[in-house]
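One letter stands for each residue in the lines below.
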Amino acid sequence: MLTVENIHVYYGAIHAIKGISFQVNEGEIVALIGANGAGKSTTLKTVSGIMHPRSGKITFLDEDITRTDGYKLPAKGLAQVPEGRRIFLQMTVMENLEMGAYIRKKPPQSDFDNVFTHFPRLKERRSQIAGTLSGGEQQMLAMGRALMSHPKLLMLDEPSMGLAPILVEEIFNIIQEFHAAGTTILLVEQNAEMALQVADRAYVLESGTIALSGTGKELAQSDEIKKAYLGG
Ligand SMILES: Nc1ncnc2c1ncn2[C@@H]1O[C@H](COP(=O)(O)OP(=O)(O)OP(=O)(O)O)[C@@H](O)[C@H]1O
Ligand SMILES: [Mg+2]
């Protein structure tokens, strides 16, 4: 579904991504894990067209999207929930969800119902101003908003960031629900333990390169990973 081939990404003179390649097959959950500053968010921003690589190639559903502007990608089936959620704080829950469907003029009620099935809490709070939601509810809203565009590939950047353990569990359960409903997932996480539990395959990023890859199970059992990311 998604193929990333040898991309190099820069912020001015800073060489943030140094020739990484990976793929996501239809129906998979793939995780990108790695320490702070490894280049996880930069990778997602590059796939979602917010940044472009200086060299290398990105293919989504057999189409070269290496230089496609990000705003065109949701219509092709690619959606991203960015790091830090980036919901519209002054708008209500419903208005935020509508923004997620901007590629269609008027989303049908069934789209909202679909979001509310995954996130009953958002239904209760549908008229609330998004800026007054709790951190966990804001994450749910960001995920619900992405769902409104009917993504084939959903990319999530650190969905568990700043959430209490019980809510982390809930968010990961919902990711698995999305997946069971047919959405392919590319997941960026600091929480390597949770990410490797749900991922079919995973890649470990270190200083802008891929240091290791394998199935979620293999990596969860690797001594290197245990030492560096799973607390021994
Ligand atoms: N806007 C920017 N300008 C300059 N350098 C940047 C910018 N954004 C990121 N970088 C640098 O690029 C590298 C990769 O950053 P990135 O945000 O992709 O890491 P990350 O793996 O997502 O880290 P974290 O887990 O902390 O979110 C870092 O060295 C970072 O300092
Ligand atoms: Mg990041």
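My aim in this report is to walk through the structure given alongside it, one point at a time. Every chain is numbered independently, its residues counted from 1 as its sequence is written. Going through the entries in the order they are written, you letter the chains from A and number the ligands from 1. Local features in this predicted model are restricted to residues whose pLDDT is 70 or higher, and side-chain atom pairs enter the listing and the counts only when it is 80 or higher, whereas totals over whole chains, interfaces and linings include all residues. Water and hydrogen atoms were dropped before computing side-chain values, which therefore reflect all heavy atoms in the structure.

## Examining the sheet that holds strand 10 (residues 209–215)
Sheet strands line up and pair through hydrogen bonds in the backbone, either parallel or antiparallel. Strand order in the open sheet formed by six strands is 6-7-8-3-9-10, and the pairing between neighbours is mixed. Each edge of the sheet is formed by a strand with only one pairing partner; in this case those strands are strand 6 (78–81) and strand 10. Strand-to-strand, the axes of this sheet are offset by a mean angle of 15 degrees, without reference to chain direction. Here, strands pair whenever DSSP counts at least two bridges between them. Numbering of helices and strands runs from the N terminus, with a helix taken as a DSSP run of H or I at least four residues long and a strand as a DSSP run of E at least two residues long. Two elements, strand 3 (residues 29–34) and strand 9 (residues 201–206), share five bridges in a ladder whose sense is parallel. Directly across from A31, in strand 9, lies its bridge partner A202. Lines are fitted to the C-alpha atoms to define the axes, a helix being fitted only along its stretch in contact, and any angle between axes, read from their N-to-C directions, falls within 0 to 180 degrees.

## A closer look at the coordination of the magnesium ion (ligand 2)
Shown as donors are all N, O and S atoms within 2.8 Å of a metal ion, widened to 3.2 Å for Na, K and Ca; because water is not in the atom set, sites may appear incomplete. The magnesium ion (ligand 2) binds to the protein through S41 (OG), E83 (OE) and E83 (OE); the donor distances cover 2.0 to 2.8 Å. Taken as a pair, S41 in helix 1 (residues 40–47) and E83 in the loop between strand 6 and helix 2 (93–100) lie far apart in primary sequence, 42 residues in all. The exposure class assigned to S41 is buried, which follows from its relative accessible area of 14%. Only protein chains enter the accessibility calculation, which uses a 1.4 Å probe. A residue is then buried if its area is under 20% of the maximum for its type, exposed if over 50%, and partly exposed in between.

## Describing unusual backbone geometry
Phi is positive for E158, close to 55 degrees, though the residue is something other than glycine. Along the chain, the position of E158 falls in the loop between strand 7 (153–157) and helix 6 (165–180). Positive phi, normally seen in glycine, also occurs at S207, with a value near 45 degrees. Residue position: S207 is located in the loop between strand 9 and strand 10.

## Some thoughts on the site of ligand 1
With respect to spatial proximity, 14 residues lie near ligand 1, and among them G37, K40, T42, E83 and Q190 are the closest. For ligand 1, an oxygen atom lies 2.5 Å from a polar atom in the side chain of T42. In isolation ligand 1 exposes 640 Å². Once the protein is present, 64% of that is buried. Counting residues per element, the ones that place at least two in the shell around ligand 1 are strand 2 (14–24) and helix 1. Residue type decides the class: Asp, Glu, Lys and Arg count as charged, Ala, Val, Leu, Ile, Met, Phe, Trp, Tyr, Cys and Pro as nonpolar, and the leftover types, Gly among them, as polar. When grouped by side-chain class, the residues that make up the shell around ligand 1 number five nonpolar, six polar and three charged. Each residue is tested against the molecule or strand, and it is near if at least one of its non-hydrogen atoms lies within 4 Å. Think of a polar contact as two N or O atoms within 3.5 Å of one another; within protein, one of them needs to be a possible hydrogen donor and the other a possible acceptor, and neighboring residues in sequence only count if both atoms come from side chains. Each accessible area value is a Shrake-Rupley result obtained with a 1.4 Å probe; residue values ignore everything except the protein chains displayed when judging cover.

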